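Survey of secondary and tertiary structure
Now for the letters of each chain:
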Amino acid sequence: MRRKDIFKQLLPTGAGSGKAMLFASLCLGGFLFAVLQGCQKDFTDLVKPPVTDTNPTKANGPNIIIIIADDMGYEIPGYTGGDSYNTQNLNYMSKTGTQFRQTYSHPDGYPSRLAMYTGKYNFRNYTFWGQLPAGDKTIGNMLHDAGYNTCFVGKWQCNGGDSGIKAAGFDKYRVFLPFAYSNQRIGRYKSPVLYEKGDFLPPAETKDKFSEDMFVDYLSNFIDSSKATGKPFFAIYSQCLITVPWVPTPDDPDYPSWDPTYDNENSNQKYFPGMVKYMDLMVGRVYNKINSAGLKNNTIIMFTSDNATNKQIRSIYKGDTIQGGKNLTTMKG
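Below or above, wherever it landed, is the structure these notes cover. (Residues numbered from 1 in each chain as written. Predicted model: local features only at pLDDT ≥ 70, side-chain atom pairs only at ≥ 80, totals over all residues. Heavy atoms only, no water.)

Our next topic: helix α10 (residues 272-292). Given a rise of 1.5 Å per residue, 21 residues ought to cover 30 Å, and the 30 Å separating the end C-alpha atoms of α10 matches this to within 8%. Burial runs high along α10: 16 of the 21 residues are buried. Of the residues flanking the end of α10, it is Gly294, one or two places downstream, whose phi is positive at about 75°. (Helix = DSSP H or I, 4+ residues; strand = E, 2+ residues; numbered from the N terminus. Expected span 1.5 Å × (residues − 1). Buried < 20%, exposed > 50% of the residue type's maximum accessible area, 1.4 Å probe, protein only.)

This part is about the packing of helix α8 (residues 211-229) against α10. Contact geometry for α8 and α10: axes closest at 10 Å, N-to-C directions at 10°. In terms of orientation, α8 and α10 fall into the roughly parallel class. Our pair here, α8 against α10, has a crossing hand that is right-handed. Mapping the contact onto sequence places Glu212, Asp213, Val216, Asp217, Leu219, Ser220, Ile223 and Asp224 in α8 and Tyr278, Met282, Arg285, Val286, Lys289 and Ile290 in α10. Taken together, the residues of the contact of α8 with α10 sort by class into seven nonpolar, one polar and six charged. (Axes fitted to C-alpha atoms, helices over the stretch in contact; angles between N-to-C directions. Parallel < 35°, antiparallel > 145°, perpendicular 65-115°, else oblique. Left-handed = near helix turned anticlockwise from the far one by under 90°. Contact = heavy atoms within 4.5 Å. Nonpolar A, V, L, I, M, F, W, Y, C, P; charged D, E, K, R; others polar.)

On to the side chain of Asn159, then. Structurally, the position occupied by Asn159 is in the loop between β5 (149-155) and α6 (161-167). From its side chain, Asn159 meets the backbone nitrogen of Leu132 in a polar contact 2.7 Å long. Among all residues touching Asn159, those that are not within four sequence positions of it are Gly130, Gln131, Leu132, Gly164, Pro178, Ala180 and Tyr181. (Polar contact = N/O pair within 3.5 Å; in protein donor to acceptor, adjacent residues only side chain to side chain.)

Most of β5 sits out of view: seven of its seven residues are buried. Pairing geometry for β5 and strand β6 (residues 172-176), over five bridges, is parallel. Note that in β6 the partner of Cys151 across the bridge is Lys172. In this region the chain leaves β5, passes through α6 and returns to the parallel neighbour β6; the handedness of that crossover is right-handed. (Pairing = 2+ DSSP bridges. Right-handed = clockwise from strand over helix to strand, strands pointing away.)

Once that is clear, we can look at unusual backbone geometry. Cis rather than trans, the peptide bond between Leu241 and Ile242 has omega equal to 15°. Note that Ile242 resides in the loop between β9 (233-238) and α9 (263-266). With an omega of 0°, the peptide bond running from Val244 to Pro245 counts as cis. Here Pro245 shows up in the loop between β9 and α9. Phi is positive for Lys197, which is not a glycine, with a value near 55°. Assignment of secondary structure puts Lys197 in the loop between β7 (195-196) and β8 (199-200). You can call Lys197 exposed: its relative accessible area is 72%.

Everything listed is a geometric property; what it means functionally is a separate question.
Structure below.
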């Protein structure tokens, strides 16, 4: 069965019709599914046309990548009606993939992540912040047990560090916040504090680098190594972007002189649009990596967000000003 026919079966009757609903804790209408296929326009530094597939569909399942943005509400991307930001890669995915518009997240990040990873509503397994209950199987466990190579990059925010990540089914990882209770609120973006192979990376290895670039670099290497094994892979890329602190990205002229020691003190909303654009750029890099690796016909990319936008942010959505609604459960028509 062709993958686009599988997606048709997943869609509820009448999906895509009617007016989309804004929900304060809506994760971009749930998942945005993208099937890698022909592209009508070539964007510089954005999604490129696919290359010839050198890795045809295997009987043991497709490769799967889930990308999770942090604090990104429904009003942000252009494909939903957002008018304030540059999200050309997400717009492209929405045209070539499938958008699920009637699914909802929890009002805050970790509860949403727990539900997403385990497939359970919070009342079934939430104990306290950052706790991934021992014995609860995650989607990583399920696919690992099914023979997939597995990887987690980005914001972990769960307990356990190395043992916790591996217990959740992930063999490879490079993460921010490896211990949920470490109160690590520094090193999120420039010169990041990242954890890999059971230890924090040396400061000399991360100095002046940007966390999202380092996550995507690691994920790209994982894709190459997985392809060499002949096994399918599953990866979660949990972005730090676009949550606070709001700081310059490598594309911002302020980046070279920015001192990350004072990220929280100098956080400024003027950097938010650039962070949205860089988040979208990272999505494009992942998309392009799959294309260039010849995996376009055997990879599913899913994009979502953990919850709504920070309440300090106001954006234009279909001509109206929308205030971010993180931590709220307000629904607007």
